[in-house]
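# What the coordinates show
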Amino acid sequence: MATRSLSPLDRILSDVQRALDTVAGAPLAQRPNPAGDHAEIVLDEDERRHAAGLMRINHVGEVCAQALYCGQAAVARDGTTREHLLDAAQEETDHLAWCADRLRELDSRPSLLNPIWYAGSYAIGALAGLRGDGWNLGFVVETERQVEAHIDEHLQSLPAADARSRAILQVMKVDEARHADSAEQAGARILPMPVPTLMAAASKLMKSVAYRI
Ligand SMILES: [Fe+2]
Ligand SMILES: [Fe+2]
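In this report, the structure presented in the accompanying data block is examined. Remember, predicted model here, so these are calculated numbers, not experimental data. (Residues numbered from 1 in each chain as written. Chains lettered and ligands numbered in written order. Predicted model: local features only at pLDDT ≥ 70, side-chain atom pairs only at ≥ 80, totals over all residues. Heavy atoms only, no water.)

This part covers helix α4 (residues 114–130). Along its 17 residues, α4 runs 24 Å from first to last C-alpha, staying within 8% of the 24 Å computed at 1.5 Å per residue. Considered for burial, the residues of α4 that qualify are Asn114, Trp117, Tyr118, Ser121, Gly125, Ala126, Ala128 and Gly129. Down the axis of α4, the smallest arc covering the buried residues is 160 degrees, so these residues share one side. Away from the buried face of α4 by more than 90 degrees, exposed residues Ile116, Leu127 and Leu130 are located. Residues of α4 that are buried make contact with α1 (8–24), α2 (45–75), α5 (133–157) and α7 (195–210). In the stretch just after α4, glycine 132 is the one whose phi turns positive, near 120 degrees. (Helix = DSSP H or I, 4+ residues; strand = E, 2+ residues; numbered from the N terminus. Expected span 1.5 Å × (residues − 1). Buried < 20%, exposed > 50% of the residue type's maximum accessible area, 1.4 Å probe, protein only. Arc of directions from axis to C-beta. Contact = heavy atoms within 4.5 Å.)

Structure below.
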């Protein structure tokens, strides 16, 4: 990929554009939706609501991933790290679009708090990035591993008949594991305690709120 050479103002405008696209736009996936081949089974009301709650959490997770990576990229010192982060954010756009599609199919909607999730995650990403590029990549590894773990929980918890949500989550899980592996190979540091614990606590709070709102 060609190296981007953007002025600081270009970067700010591109960050604002990305934030608006993530929170209010309709992001376009570059790969086909993995649910494509699976028949839509009519779920009962409790199952539908539960599946929608879980897919809303996954959608928020992807909003946060976009914001974290953009916040980190905004302060990354090394051009290669910045490209790595922005490429990762690009891949998360597929996940974002697939989760949004599934929420619509389930007759539901994304979290009303997405602007807040985005702003908070962007700030956390920028703070992590200011500690240096090893930390930046370490943060990617920890985020992706935590997302992979909650996708595993959701695969267990989804209604048995909801093959469309399950197909999306299975592809996302493989992608997240690959994102973590490639950040490790790019020189991630292992984050010291209590950072992983604080990240897990923030993610737990997000999940309990996003399931409903
Ligand atoms: Fe993702
Ligand atoms: Fe990821």
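This part is about the coordination of the iron ion (ligand 1). Here the iron ion (ligand 1) is held by the protein donor atoms Glu62 (OE), Glu62 (OE), Glu92 (OE), His95 (ND1) and Glu176 (OE), which lie 1.9 to 2.3 Å from it. Taken as a pair, the iron ion (ligand 1) and the iron ion (ligand 2) lie 3.7 Å from each other and share glutamate 92 as a ligand. A residue pair is termed long-range when its members are at least 10 positions apart, and glutamate 92 in helix α3 (residues 79–105) and glutamate 176 in helix α6 (residues 163–185) qualify at 84 residues. Pair check on accessibility: glutamate 92 and glutamate 176 agree, each one buried. (Donors = N, O, S within 2.8 Å, 3.2 Å for Na, K, Ca; no water.)

This part is about the side chain of arginine 164. Along the chain, arginine 164 turns up in helix α6. Note on arginine 164: relative accessible area 12%, which makes it buried. Polar side-chain contacts of arginine 164 include one of 2.9 Å to the side chain of glutamate 105. For arginine 164, the contacting residues outside a window of four places in its chain are Ala35, Gly36, His38, Ala39, Glu40, Arg102 and Glu105. (Polar contact = N/O pair within 3.5 Å; in protein donor to acceptor, adjacent residues only side chain to side chain.)

On to the pattern of salt bridges. Two side chains with opposite charge may pair up if their charged atoms get near one another. Scanning all chains against the criterion turns up 14 salt bridges. When the shortest N-O distance is used, the salt bridge between aspartate 94 and arginine 31 registers 2.6 Å. Of this pair, aspartate 94 sits in helix α3 while arginine 31 sits in the loop between α1 and α2, and the two are 63 residues apart along the sequence. For arginine 31, a relative accessible area of 30% corresponds to the partly exposed category. In this structure, the salt-bridge partner of glutamate 45 is arginine 49, at a minimum N-O distance of 3.1 Å. Highlighted residues: glutamate 45 and arginine 49, both in helix α2, separated by four residues, approximately one helical turn. Among the ionic contacts, a cluster of salt bridges with common partners joins Glu40, Arg102, Glu105, Asp162 and Arg164. (Salt bridge = Lys/Arg side-chain N within 4 Å of Asp/Glu carboxyl O.)

Turning next to the nonpolar core. Formed by 19 residues in total, the largest nonpolar core has its most connected members in Tyr69, Leu85, Phe139, Leu191 and Val195. Looking at this core, the elements with two or more residues in it are α2, α3, α5 and α7. Sort the elements by how many residues they give to this core and α5 lands first, with five residues. Apart from the residues lying within four places of it in its own chain, the contact partners of tyrosine 69 are Leu85, Ala88, Ala89, Glu92, Val140 and Glu144. Counting residues in each nonpolar core, the second largest holds 17 residues, with Leu54, Met55, Leu106 and Leu158 among its members. (Core = buried A, V, L, I, M, F, W, Y, C linked by side-chain atoms within 4.5 Å.)

By themselves, these are just geometric observations and shouldn't be taken as functional.
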